[in-house]
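Residue-level structural notes
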Amino acid sequence: MSTSKKTYREAVKEALAQEMRRDPAVVQIGEDLRGGHAGTNPDLEEKKIEAFGGVLGVTKGLWGEFGSDRVIDTPITESAIVGMAAGAALTGLRPVAELMFMDFFGVCYDALYNQAAKFRYMFGGKARTPLVLRGMIGAGFSAAAQHSQSPYHVFASVPGLKVVVPSNAHDAKGLLIQAVRDDDPVVFCEHKTLYDTTDEVPDEPYTIPFGVANYTRQGTDVTVVALSAMVNAANEAADKLAAEGISVEVVDPRTVSPLDEEGILESVAATGRVVIVDESAARCGFGHDVAALIAAKALDSLRAPVELVTPPHTPVPFSPVLEKAWLPDAARIETAVRKLVTA
Amino acid sequence: MSRIRAFEDRLHEENATGDIPGFIHLYSGQEAIAVGVCENLRDTDHIGSTHRGHGHCIAKGCDIHGMMAEIFGKEDGLCHGKGGSMHIADLSVGMLGANAIVGGAPSLAIGAALSAKILGTDGVAVSFTGDGGSNQGTTLEAMNMAVVLKLPIVFVIENNGYGEATGTDYAVGAPDIAARAAAFGMPAAKVDGTDFFAVHEAAREAVERARAGGGPTTIEARAHRFYGHFEGDAQLYRTPEQVAELRRTQDPLVIFRAKVDRRKVSVKELDEIDEESRALVDEAVGRARAAAYPPIEHLLTDVYVSY
Ligand SMILES: Cc1ncc(C[n+]2csc(CCOP(=O)(O)OP(=O)(O)O)c2C)c(N)n1
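Only a predicted model underlies this, so the values are computations on that prediction, with no experimental measurement involved.

**Let's talk about the overall build of chain A**
- Regarding its fold elements, chain A presents 13 helices and 14 strands.
- A compact globule built from 343 residues should have a C-alpha radius of gyration of about 20 Å, and chain A, at 20 Å, falls within 12% of that.
- A principal-axis box enclosing the C-alpha atoms of chain A has dimensions of 70 × 45 × 45 Å.
- When the 343 residues of chain A are sorted by exposure, 62% land in the buried category.
- Long-range pairs, those at least 24 residues apart, make up 80% of the contacts in chain A between residues at least 6 apart in sequence.
- When the accessible area of chain A is evaluated, it comes to approximately 12300 Å², of which 54% is carbon and sulfur surface.

See below:
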């Protein structure tokens, strides 16, 4: 299979385009997926202008290839977008809805957690809801408290939802194709600071199964469990620590739900020490869930207490100096690892 | 209006230096709406705003220095650097906050109107929403609630023709947003939002009605934004010629100059006001740039639980 260097942004778009070519039931729905509709320019339609391609340009080009019936610009109405996508998923389409910043899921939460997530179970297994909801997570842009959250833990706490949090372009493509082909609603979380990162990515379509962690570093002293942009921070820390003679294993679960319990437990059993890095929440987050898993199933193999590296329990601050202090980074991960190996 | 223009034009330049963190959405072109409405309000009245909130803040009386420092992320900012451009708030002048959630303001503003009604303060609330935001369910829910509870509120819909890159004529099913309000049973007016006097008159009537216990009103005001949706927007959805034409023919400041009663206000006086505005903004930028960032300890203040 041929591969080429692609950005995370390109990988996401390629996954969407290839799935749309493969399956006519796949449609894109969202605000400004194309952008450039009408306005004071009645001739834009003819000029085939795609002004935005989603707010950060991820879908640019899809409208040009697939047209307005399959790349559907909507008014700014998240609850109607997700409700419509859920209804369409029940009745034959495979919608991929983009809601820009995941902070905006607050507007549509009912459609997501009372409707889409529950159809299959409530209807006694008679319904499928092949729906993907894409959105951006993550701090680091000074986008302030209503544009910087990473609420994947909130979605993961809802039975019926699958939650995907890819950390690199290669995984983004394979996991997104898997998500589009999945018959359950999938929340696909793209970290806004990763869009311009590059990776070798296969050109052909491929899938990565959910619930299979990726060991991005093999090591023997400490396991670091990290997701999304935090995987890069963890790898950076691992490099630094390797120079000090500390061998760190970095485990990226890639999906929060389903979670690769075995993959995590195996690594922890081998190293006996674990640091969990989690941008989602200082309380009741993904990190606490993994810590509970380890406490329940791997306590015997632990040589030191579990270390959690999270932001403080505050909204995301705007000012860059505060935001930098808020966001976990390689230095904090290193400190946590050193604490464990010297304990 | 002059201050808002100076503030926004200067931010456009400052943003290009790369020193302003986060997203900036400029209000230039819509000045007559914020000012025409807020001139009818007291400090004790409340407004809810949008992501494009600088104009509303200035018109409601927020301190220019505090705003600029906030936008630069400094400790002296109105929100001590924690909020930024999209969250500027100052409750002391009745400014309930810019709002980064489209459709966030209307329901908050009916809350302020409820407080005014129940506490008997004689206060009025105004929510500013875009044409895009007028499609959010919460906006329509707030309108209905305001009618049901007869709340002292004015819903101002600023129709600038676009929600981000998508035209209003695509995204708003029936072109008449004001008519939707009428369907909820409230009076609604459509005004030329480039004309300060038209906005002021419609807002005066609506605010008086609200203050007198007559319930809510909607005002749809049409104007144009002179810059992109956000700073950095290449504006592929319209041509530079179209923007130049709007700036030439639809500039609320120019229209104001043409309409103002020359016996009372001379062109020279207007020029002086513009000059003062620029000087004020110049000073604000200088102070904001020189100001300190918030100390790191402040990360854990202003929140009731810190782990
Ligand atoms: C709930 C929500 N959805 C989407 C966005 C992204 N967004 C920010 S501004 C904007 C357009 C708003 O258009 P309009 O209400 O007309 O205001 P204007 O920008 O024209 O002032 C959108 C879609 C958001 N901030 N919040």
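Still more ground to cover, so stick around.
**Side note on the sheet that holds strand β3 (residues 71–73) of chain A**
All names here are of chain A.
- Reading across from one edge, β3-β2-β4-β5-β7-β6-β12 is the order of the seven strands in this open sheet, with mixed pairing throughout. Each edge of the open sheet carries a strand with a single partner, namely β3 and β12 (255–257). Each adjacent strand pair in this sheet contributes to an overall mean axis angle of 20 degrees, direction not counted.
- Pairing geometry for strand β6 (residues 162–164) and β12, over two bridges, is antiparallel. Looking at β12, one finds that Val 163 is bridged to Ser 257.
- Relative to the sheet, helix α8 (residues 169–181) contacts β2 (26–30), β4 (94–101), β5 (132–137), β6, β7 (186–191) and β12, its axis offset from that of β7 by approximately 160 degrees.

**A look at the confidence of the model for chain B**
- Averaged over every residue, the pLDDT of chain B is 96; residues scoring 70 or more account for 99%.
- Listed scores for the predicted complex are pTM 0.96 and ipTM 0.94.

**Remarks on the packing of aromatic side chains**
Residue and element names in this part refer to chain A.
- Going through the model one piece at a time under the given rule, you end up with 13 aromatic pairs over all chains.
- Ring geometry for Tyr 109 versus Tyr 113: centroids 4.7 Å apart, planes at 20 degrees, classification stacked. With a gap of four residues between them, Tyr 109 and Tyr 113 both fall in helix α5 (residues 105–116), about one helical turn apart.
- For Tyr 113, a relative accessible area of 34% corresponds to the partly exposed category.

**Quick word on helix α9 (residues 229–243) of chain A**
Residues and elements named next belong to chain A.
- Taking 1.5 Å of rise per residue, 15 residues should cover 21 Å, and α9 covers 22 Å from first to last C-alpha, within 8% of that figure.
- Listing the buried residues of α9 in full gives Ala 229, Met 230, Val 231, Ala 233, Ala 234, Asn 235, Ala 237, Ala 238 and Leu 241.
- Looking at the buried side of α9, the elements it contacts are β7, β9 (214–217), β10 (222–225), β11 (248–252), β13 (274–277) and α13 (330–342).
- In the segment just after α9, Gly 245 is the residue with positive phi, at about 85 degrees.

**Describing the pairing of β4(A)**
Residue and element names in this part refer to chain A.
- Burial analysis of β4 places eight of its eight residues in the buried class, the great majority of the element.
- Of the strand pairs in this sheet, β2 and β4 are connected by five bridges, and their pairing is parallel. Residue pairing for β4: Val 26 is matched across the bridge by Arg 94.

**Re the sheet that holds β11(A)**
All names here are of chain A.
- The strand order across the open sheet formed by five strands is β9-β11-β10-β13-β14, and the pairing between neighbours is mixed. The open sheet has two edge strands, β9 and β14 (307–309), and neither has a second partner. Across the sheet, the axes of successive neighbouring strands diverge by a mean angle of 25 degrees, strand direction being ignored.
- Bridging between β13 and β14 involves three bridges; their strand directions are parallel. Note that in β14 the partner of Ile 276 across the bridge is Leu 308.
- Along the sheet, α13 contacts β10, β11, β13 and β14; its crossing angle with β14, the most-contacted strand, is approximately 175 degrees.

**What to know about the site of the ligand**
- Residues in close proximity to the ligand total 22 residues, the closest being Glu78(A), His51(B), Arg52(B), Ala100(B) and Gly132(B).
- At the site occupied by the ligand, nearby residues are drawn from chains A and B.
- With respect to the ligand, the backbone of Ala100(B) contributes an N or O atom lying 2.7 Å from a nitrogen atom.
- Asp131(B) is positioned with one of its side-chain polar atoms (N or O) 3.3 Å from an oxygen atom of the ligand.
- Here the ligand, which alone exposes 580 Å², has 97% of that area covered by the protein.
- Per-class residue counts for the shell around the ligand are eight nonpolar, nine polar and five charged.

**Topic: the domain arrangement of chain A**
Residue and element names in this part refer to chain A.
- Domain boundaries assigned for chain A yield domain 1 (3–202) and domain 2 (214–342).
- A C-alpha centroid distance of 28 Å is found between domain 1 and domain 2.
- Contact with domain 1, which involves 26 residues of that partner, is made by 27 residues of domain 2.
- Between domain 1 and domain 2 lies a buried interface of about 2000 Å² when both sides are counted; carbon and sulfur atoms form 57% of it.
- Among the residues of domain 1 in contact with domain 2, Ser 142, Tyr 152 and His 153 are the three that bury the most area, contributing 27% of the side total.

Parameters and conventions
Residues numbered from 1 in each chain as written. Chains lettered and ligands numbered in written order. Predicted model: local features only at pLDDT ≥ 70, side-chain atom pairs only at ≥ 80, totals over all residues. Heavy atoms only, no water. Helix = DSSP H or I, 4+ residues; strand = E, 2+ residues; numbered from the N terminus. Rg over C-alpha atoms; globule rule 2.2 N^0.38 Å. Buried < 20%, exposed > 50% of the residue type's maximum accessible area, 1.4 Å probe, protein only. Contact = heavy atoms within 4.5 Å. Areas by Shrake-Rupley, 256 points an atom, 1.4 Å probe, with all protein chains shown as cover. Pairing = 2+ DSSP bridges. Axes fitted to C-alpha atoms, helices over the stretch in contact; angles between N-to-C directions. pLDDT = per-residue confidence, 0-100. Phe/Tyr/Trp six-rings, centres within 6.5 Å; stacked < 30°, edge-to-face > 60°. Expected span 1.5 Å × (residues − 1). Near = heavy atom within 4 Å. Polar contact = N/O pair within 3.5 Å; in protein donor to acceptor, adjacent residues only side chain to side chain. Nonpolar A, V, L, I, M, F, W, Y, C, P; charged D, E, K, R; others polar. Domains from an automatic or database assignment. Buried area = accessible area lost by both parts, 1.4 Å probe.

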